[in-house]
Amino acid sequence: MTITRIETGQRMSKIVKHNGTVYLCGQTSDKESVADQTRHCLEKVETLLEQAGSDKTRILQCLIWLSDMADFAEMNAVWDAWVPEGHAPARACGEAKLARDALKVELIVTAACD
C-alpha cells in the first residue's frame, strides 16, 4: 500500500495519507486568546483536509491538548460552533505543556480521505 507524504520536511510531514486515512500534524496558532487560537487551528485543519482530498465531515478523531484545562469551555465554544451537526468525531482533550509558552491549544486530526 502506498503512503503519501505532503509538505514533508526533515522533521515531519504536514499530511500523511495511507489506506483511505489522512493524518495531520498537530495544528497550533500564535493568536492571542484560546478562542482565536482554536479558530485559527480549525481553519488550518480545513485547508489541510481539502489538500488531502477530505473535509471536516470526514474527521474520525481529534486529539486536543490545552496548556490549561481552565480554557476547556472557551475552546469548546469554538469547537461546537465549527463541527458539523451529525459529524462529531471521536475526541479527547487533555492538558499538556506545549512546545512554546504562547501556545494554548493544539489539535491533532485523523480523517477519512479519497
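What you see is a predicted model; the values in this text were computed from it and never measured. (Residues numbered from 1 in each chain as written. Predicted model: local features only at pLDDT ≥ 70, side-chain atom pairs only at ≥ 80, totals over all residues. Heavy atoms only, no water.)

Considering the packing of aromatic side chains
Scanning the model with the defined rule gives 1 aromatic pair in all. A cation sits over an aromatic face here: Arg91 above Trp79, 5.2 Å from the ring centre. (Phe/Tyr/Trp six-rings, centres within 6.5 Å; stacked < 30°, edge-to-face > 60°. Lys NZ or Arg CZ within 6 Å of the ring centre and 35° of its normal.)

Side note on the sheet that holds strand E5 (residues 90-95)
In a beta sheet, neighbouring strands are held together by backbone hydrogen bonds and run either parallel or antiparallel to one another. Read across the open sheet, the 6 strands follow the order E1-E2-E3-E6-E4-E5; overall the sheet is mixed. The open sheet has two edge strands, strand E1 (3-8) and E5, and neither has a second partner. Put simply, the sheet's adjacent strands are angled 10 degrees from each other on average, direction ignored. As judged from the 7 bridges shared by strand E4 (residues 59-66) and strand E6 (residues 105-112), these two strands associate in the antiparallel manner. Looking at the pairing, Cys62 lines up with Val109 of E6. (Pairing = 2+ DSSP bridges. Helix = DSSP H or I, 4+ residues; strand = E, 2+ residues; numbered from the N terminus. Axes fitted to C-alpha atoms, helices over the stretch in contact; angles between N-to-C directions.)

Description of the pairing of E1
Pairing of E1 with strand E2 (residues 13-18), which is carried by 5 bridges, proceeds in the antiparallel orientation. When the bridges of E2 are listed, Arg5 appears paired with Val16. Between E1 and E2, which pair antiparallel one after the other, the connecting turn spans 4 residues.

Focus: the pattern of salt bridges
Here the structure, examined in full by the defined rule, presents 4 salt bridges. A salt bridge links Lys14 to Glu7, with the shortest nitrogen-to-oxygen separation between them at 3.4 Å. The exposure class assigned to Lys14 is partly exposed, which follows from its relative accessible area of 35%. The partner of Arg58 in a salt bridge is Asp114, with the nearest N and O atoms 3.1 Å apart. Separated by 56 residues along the polypeptide, Arg58 in the loop between helix H1 (34-51) and E4 and Asp114 in the segment after E6 bring together distant segments of the chain. When its relative accessible area of 26% is taken as the criterion, Arg58 is described as partly exposed. (Salt bridge = Lys/Arg side-chain N within 4 Å of Asp/Glu carboxyl O. Buried < 20%, exposed > 50% of the residue type's maximum accessible area, 1.4 Å probe, protein only.)

The analysis is restricted to geometry; functional conclusions fall outside its scope.
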